[in-house]
Every structure is written in structure tokens, then in C-alpha cells.
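In case you want the letters, here they are:
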Amino acid sequence: MVAAVFALGVITVLIKGAGSLLPEPPTRVARRLAGLAPALLAALVWVELAGPDGVTRFDAKTAGVAAAALLFAVRAPFAVAVVGAAAVAALLRIG
């Protein structure tokens, strides 16, 4: 896992460096890079929600992510979704 995170960090630095050298990336590269950010975000969410054995635990974090997803589905602003998710998670941890 550490090696994968390190490799993704190196790839990110290389892509950012190439961005200053190539003002307009080729179309094929641009299409693939457009899908990279959502895939990395989904992987980050999965890693944070999964337990040490890789199985999702249904706890306050999971409820917070579900609340944020619901708020995004109804087109709530980003700040509202973040505060709503934090509030749901906090209320579940308190009670």
C-alpha cells in the first residue's frame, strides 16, 4: 500500500511537471487524465471507509459519506455537503 501511494505521488509530480512543458496535451492523453481524478478520489474514499481487512465498516464515517453523497445528488453546494457530512458523523459519534 505504501508503495502504491508513493508511486501515485511520483506520477502526480510528473504530470504536473509535464503540464508546464506541454501547454496543450494530446487529445488521447487529456481524455485519460480526465478520468484519473475521479478514480483516485473513489480509491481514497474506499480506503478510508474500509477496515484493515478491506471490508467496509458501517459506522459514522460511512453515514457521513452517504449524507454527503445525498447532498451532492440534490445539487447542494460543496460547503453544505461537507458541513452536513460532518454533522451527521458527529451526531452519530455523540449518540
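All values reported here derive from a predicted model rather than from experimental measurement. (Residues numbered from 1 in each chain as written. Predicted model: local features only at pLDDT ≥ 70, side-chain atom pairs only at ≥ 80, totals over all residues. Heavy atoms only, no water.)

1. Comments concerning the layout of surface pockets
Estimated volume of the largest pocket: approximately 330 Å³. Along the wall of the largest pocket there are 14 residues; nearest its centre are Leu41, Val45, Val65, Ala68 and Phe72. Counting residues per element, the ones that place at least two in the lining of the largest pocket are α3 (36-49), α4 (60-73) and α5 (78-94). In this model, the second largest pocket occupies a volume close to 200 Å³. Forming the walls of the second largest pocket are Met1, Ala4, Val5, Leu8, Leu40, Ala43, Leu44 and Val47. Contributing elements (two or more residues each) for the lining of the second largest pocket: α1 (2-21) and α3. Among the elements that make up the lining of the second largest pocket, the one with the highest residue count is α3 (4 residues). (1 Å grid on protein atoms, 1.4 Å probe; cavity = no way out; pocket = protein on both sides within 12 Å on 5 of 7 lines; lining within 4 Å. Points joined across faces, edges and corners; volume = space filled by probe spheres on them. Helix = DSSP H or I, 4+ residues; strand = E, 2+ residues; numbered from the N terminus.)

2. A few points about the side chain of Thr62
Residue placement: Thr62 occurs in helix α4. Accessibility expressed as a relative area gives 14% for Thr62, which makes it buried. The residues touching Thr62, leaving out its near neighbours within four places in the chain, are Leu49, Thr56 and Arg57. (Buried < 20%, exposed > 50% of the residue type's maximum accessible area, 1.4 Å probe, protein only. Contact = heavy atoms within 4.5 Å.)

3. A few points about unusual backbone geometry
The residue Arg75 is not glycine, and still its phi comes out positive at about 65°. Along the chain, the position of Arg75 falls in the loop between α4 and α5.

4. What about the environment of Gly35?
If you trace the backbone, Gly35 turns up in the loop between α2 (27-34) and α3. Overall, the relative accessible area of 41% leaves Gly35 in the partly exposed class. The spacing of Gly35 and Gly19 is 16 residues in sequence and 16 Å in space, taken between C-alpha atoms.

5. Observations regarding the pattern of salt bridges
For the coordinates displayed, the defined rule picks out 1 salt bridge. When the shortest N-O distance is used, the salt bridge between Asp53 and Arg57 registers 3.2 Å. (Salt bridge = Lys/Arg side-chain N within 4 Å of Asp/Glu carboxyl O.)

6. Examining the packing of α2 against α3
Running from N to C, α2 and α3 point in directions that differ by 25°, and their axes come no closer than 4 Å. It follows that α2 is roughly parallel to α3 by the angle criterion. Residues Arg32, Leu33 and Ala34 of α2 form the contact with α3, whose own contacting residues are Leu36, Ala37 and Pro38. A class-by-class count of the residues in the contact of α2 with α3 yields 5 nonpolar, no polar and 1 charged. (Axes fitted to C-alpha atoms, helices over the stretch in contact; angles between N-to-C directions. Parallel < 35°, antiparallel > 145°, perpendicular 65-115°, else oblique. Nonpolar A, V, L, I, M, F, W, Y, C, P; charged D, E, K, R; others polar.)

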